[in-house]
Each structure stands twice: as structure tokens, then as C-alpha cells.
Amino acid sequence: MQRIFHTPDGYRDIYKKEYREKRSLTAKVDRVFAEFGYEAIQTPAVEFFEVFSREVGTTPSRELYKFFDKEGNTMVLRPDFTPSIARAAATYFLGKSEPLRLCYSGNTFINHSGLRGRLRENTQMGVEYLGDASAEADAEVLAMAVECLKQSGLSEFQISVGEIEFFRALLTEAGMDEDTEESLRGLISKKNYFGVEELVRGLDLKAELTEVFLRLPQLFGSVEILDEAQRLTSNPRALEAISRLREIYEILRCYGAEKYISFDLGMLSKFRYYTGIIFQGYTYGTGEPIVKGGRYDTLLQHFGKSSPAVGFGIVIDQLHLALNRQKIEIPTDEEPLVLEYEESTREEVIARAVRLRSEGKRVVLHRKKEDASCGI
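Residues numbered from 1 in each chain as written. Predicted model: local features only at pLDDT ≥ 70, side-chain atom pairs only at ≥ 80, totals over all residues. Heavy atoms only, no water.

## Re the overall build of the protein chain
To keep it simple, the criterion reads: Each helix is a run of DSSP H or I of at least 4 residues and each strand a run of E of at least 2, with the numbering of both proceeding from the N terminus. When a residue's accessible area, from a 1.4 Å probe over protein chains only, is under 20% of the maximum for its type it is buried; when over 50% it is exposed; and in between it is partly exposed. In this analysis, two residues are considered to be in contact whenever any of their non-hydrogen atoms come within 4.5 Å of each other. For every accessible area listed, the method is Shrake-Rupley and the probe measures 1.4 Å; residues are considered covered only by the protein chains on display. Asp and Glu are treated as the negative residues and Lys and Arg as the positive ones, with His and the ends of the chain left uncounted. A charge is said to be at NZ when it belongs to Lys, at CZ for Arg, at CG for Asp and at CD for Glu.
The helix and strand inventory of the protein chain stands at eleven helices and 14 strands. Dimensions of the protein chain along its principal axes, counting C-alpha atoms only, are 105 × 55 × 45 Å. Looking at the protein chain as a whole, 48% of its 376 residues are labelled buried. A separation threshold of at least 6 residues defines the contact pool for the protein chain, and within that pool the share at least 24 residues apart is 70%. On the protein chain, roughly 20400 Å² of surface is accessible, and the fraction owed to carbon and sulfur atoms is 49%. Placing the 50 positive and 59 negative side-chain charges of the protein chain at their respective mean positions leaves the two points 5 Å apart.

What follows is the structure in C-alpha cells.
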């Protein structure tokens, strides 16, 4: 049997300058987390299948790496951090009066069926803010996401914000069955205006609902798009969702982060645990989002506790790729100083290396090869 030593599809080795750059990026992001007062938590890469089951509303089962432990339990490699953090928080932390701010760093594993250049293993860093249902909490995590991208070196990026509750309010009013809702969700997510029109005009909906569903794929842009959304509906829940977005935007102005924020009311995540705002961050050089997040006020109920929560994750590999393609330099440690020595100078040179390392310098010791040539 042929022995295979290269990496599997969707996985790669990272080393030398590229790894130093990636480590520099993670240090910058971690510094922002610390400045906002978030405490680090580490969860295992392997979880029971129930943590990511369909009821949770996370990654589809077909995209999970599943295997069995020796007791016969179904285990999975972590595809998403949020359910893992929610599970840990429900087990150890909740019940206290103060909100809980947690941050994390690690790798996720998704078995994409069609790679299209995507990795199956990605490094992700993010935060989860639990125990606070306010617009201030939403604005804080959005401001943190903006600050992380700015500190990474990016200057041109946008974080697009949607509101799941706006869409759900309209669905409730329309009284759609599950299959129709699923079809509509997919068409709106793909910005397929003609598909949405064909589906919606085939339903027996009142004129106002028909109009707002037809406009949803195009309801994206600056803060002024919220005015249009407000004019399109008289649904109280939907209007409340728009008011919430306005409040979040005003708080973001206090942070000076509003210039990086846009709105997209047709943004509908495949993760069903989101209940309020959802958002994605984009920049030049990569078609995939570099930031993904949102509010998930009902997720922790799956793990036996009830608590509002909001958070985001940064896909470090996508951020690194974007910075390189935009030719933005990522500062790294200097190349190590190479000190050569012969047997006669060994003691002196090693002593110098010890001194330099104590000063924080990187030093490589290299013994000179003896001249193998000889004369007669």
C-alpha cells in the first residue's frame, strides 16, 4: 500500500515567516480582548455530538467530523466555538449577577463537501458576552470587532449588520409553512431577487408583506436603509427590531466605529441559534467573511441555563490572507542572530549567546565545519 505523507485536502502546514506573521496577528487580537476586559477560556477540540446537534442550530451534521469513543458515544471535532462556550458557561459560570465576558482562541474543523479553496481547519479567535440583553452589549462586541481589524493593520473593511428578529416577525405575520420559509430564506440569502419574486407572488399575502419580502434582498447599505425598512412595514416586532439597530448605531458613534458599519436586512445566517443582530465583516482580497457573529439569547437553554448572549469570531487565516493580498506588512520578530564559533571560541561565544538571550534577543549558535581538505 502506498504511504501518503502530504497533508489532506483542506489542510496545510504553516511555518517560518508565514507562521510568525500569524502569531503576530493573534497577539494583536488577543491584546484587544484584554483591553476590553475579557477573560480567556479554553474548551476541548472534541465534544459530544449533542453539543452540535440539529436542535442547537449549528453546523449541519453532514459537515461534522464524527467518530466514536470507546464507550460508543458519538464525538465530533469542534466546528464552531459558540456552542462550546455556551456549554461551558452553562456548566460553570452562570447564575452570578454580573455579565460574563469570555474570549477564546483555537482551531475549528468543518468537513466542507466542496472546498472551492476553503480550508477545513481554521484558526478562530473571538468573544462571547453573556448575561446582558442590552443594545450596549451588541454595540460593544461590534466595536471590539472593528478595533481588532484596525489593530491587525486593515483600514478598508466593512461590517455588515442584519437583524434576524426583523425577518422572523415578517414570517410570523405571513404564516408560512416550514418548507416555504426554508425556500424563501435561501433565496433571500443569495440575493436572488427574481426567485424571491416568483415565490412570494405565488403566495396569498397582503400587499404590504409582499412588498417588504420583495425588497429584502436589496435592503442593504448605509444607516439610511433603516428608514426605508421602517416605511415598508407596520409590523410592531419588525419595527422594534429596526429601532434596536438605530440604537446600536448611535452607541457605535460613541466608539467612533460607525464608519465601518453598514446594514443588510436580507442577511440570514445558516446558524439557527441567532435571535437578534447578526453580522459579517469583509475586506478586499478574500471572498469569505473575516468576522462572523451575532446575538443568541436562547442557545444556553439547550444546556440547561437561560441567559442572553452575543459574540463574534475572527477567522485568522482569512484575515492573514487579506492582509497579504493587500500588501499590508505584518510586523514580526526579527530574524535570529547567527553566532558562529570554533572549538577554541566556544566558551566565549556561548557566553555571549546567553547574555543576548537574557536581553530578549533571538540567537542561533552554529559551529563552523572543520576544513576537510588536507595537503601533502
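After that view, the rundown keeps rolling.
## Focus on the pattern of salt bridges
Inclusion rule: Between Lys or Arg on one side and Asp or Glu on the other, a salt bridge is scored when a side-chain nitrogen of the former is within 4 Å of a carboxyl oxygen of the latter.
With the rule as written, the count across this model stands at 20 salt bridges. Between Arg-87 and Glu-47 there is a salt bridge, with its nearest N and O atoms 2.7 Å apart. Here Arg-87 is found in helix H2 (residues 81–92), whereas its partner Glu-47 is found in strand E2 (residues 46–48), with 40 residues between them in sequence. Overall, Arg-87 belongs to the buried group, its relative accessible area being 18%. You can call Glu-47 buried: its relative accessible area is 6%. A salt bridge links Glu-173 to Lys-206; its shortest N-O distance comes to 2.9 Å. Taken together, the residues Glu-173 in helix H4 (residues 164–174) and Lys-206 in the loop between helix H6 (193–201) and helix H7 (207–215) connect sequence positions 33 residues apart. Overall, Glu-173 belongs to the partly exposed group, its relative accessible area being 29%.

## Considerations on the side chain of Asn-122
Selection criterion: Polar contact criterion, stated in full: a pair of N or O atoms within 3.5 Å, where within protein one must be able to donate a hydrogen and the other to accept it, and residues adjacent in sequence count only if both atoms are side-chain atoms.
Mapped onto the secondary structure, Asn-122 falls in strand E6 (residues 121–130). For Asn-122, a relative accessible area of 16% gives the class buried. Only 3.3 Å separates the side chain of Asn-122 from the backbone oxygen of Leu-119, close enough to count as a polar contact. Residues in contact with Asn-122, not counting those within four places in the same chain, are Gly-106, Asn-107, Thr-108, Val-315 and Asp-317.

## Focus: the environment of Cys-148
With respect to the helices and strands, Cys-148 occurs in helix H3 (residues 135–152). The sequence separation of Cys-148 and Glu-197 amounts to 49 residues, and the corresponding C-alpha distance is 39 Å. In contact with Cys-148, other than residues within four places in its own chain, are Val-29, Val-32, Phe-33, Phe-312 and Ile-314.

## Some details on the nonpolar core
The test is simple: In these notes, a set of buried Ala, Val, Leu, Ile, Met, Phe, Trp, Tyr and Cys residues joined through side-chain atoms within 4.5 Å is what counts as a nonpolar core.
Residues Phe-166, Leu-184, Phe-213 and Phe-312 are the most contacted members of the largest nonpolar core, which totals 102 residues. Take this core: its biggest share by element is eleven residues, from H3. Every residue in contact with Phe-166, bar those within four places of it in the chain, is listed here: Val-212, Leu-216, Ala-229, Thr-233, Ala-238, Ala-241, Ile-242 and Leu-265. Within the second largest apolar cluster, six residues are counted, among which are Leu-339, Ala-353, Leu-356 and Val-363.

## Quick word on the confidence of the model for the protein chain
Test applied: Per-residue confidence from the predictor is given as pLDDT, running between 0 and 100.
Summing up the model confidence of the protein chain, the mean pLDDT is 92 and the portion of residues at 70 or higher is 96%. Of all the helices and strands in the protein chain, helix H5 (residues 178–189) carries the lowest mean pLDDT, 90, while H3 carries the highest, 98.

## Examining the sheet that holds strand E11 (residues 291–295)
This is how it is decided: Strand pairing is defined by DSSP finding a minimum of two bridges between the two strands.
The mixed open sheet is built from nine strands, whose spatial order is E1-E5-E6-E12-E11-E10-E7-E9-E8. Single-partner strands in this sheet number two, and they are strand E1 (39–40) and strand E8 (220–221).

## Remarks on the side chain of Arg-215
With respect to the helices and strands, Arg-215 occurs in helix H7. If near-sequence neighbours (up to four positions away) are discounted, Arg-215 is found in contact with Glu-228 and Leu-232.

## Examining the packing of helix H8 (residues 225–232) against helix H9 (residues 236–255)
How we decide: Every axis in this analysis is a line fitted to C-alpha atoms, fitted for helices over the stretch in contact. Angles between the N-to-C directions lie between 0 and 180 degrees. To sort the angles, those under 35 degrees are grouped as roughly parallel, those over 145 as roughly antiparallel, those from 65 to 115 as roughly perpendicular, and the leftovers as oblique. Crossings are sorted by hand: turned counterclockwise from the far helix by less than a right angle, the near helix makes the crossing left-handed, and turned clockwise it makes it right-handed. Ten residue types, Ala, Val, Leu, Ile, Met, Phe, Trp, Tyr, Cys and Pro, are classed as nonpolar, four, Asp, Glu, Lys and Arg, as charged, and the remainder, Gly among them, as polar.
In the contact formed by H8 and H9, the axes pass within 10 Å of each other and the chain directions differ by 165°. Here H8 is positioned roughly antiparallel relative to H9, judged by the angle of their axes. With respect to the hand of their crossing, H8 and H9 are arranged in left-handed fashion. Within the contact between the two elements, H8 uses Leu-226, Asp-227, Ala-229 and Gln-230 and H9 uses Leu-239, Ile-242, Leu-245 and Arg-246. Residue composition of the contact of H8 with H9, by class: five nonpolar, one polar and two charged.

## What to know about the pairing of strand E14 (residues 363–367)
In plain terms, the rule: The handedness of a crossover follows from its direction of travel: if, with the strands pointing away from the viewer, the path from the first strand over the helix to the second runs clockwise, the crossover is right-handed.
Pairing between strand E13 (residues 337–341) and E14: five bridges, direction parallel. Among the inter-strand pairings, Tyr-341 is bridged to a residue of E14, identified as Arg-367. Each parallel crossover has a hand, and for E13 linked through helix H11 (residues 346–358) to E14 it is right-handed.

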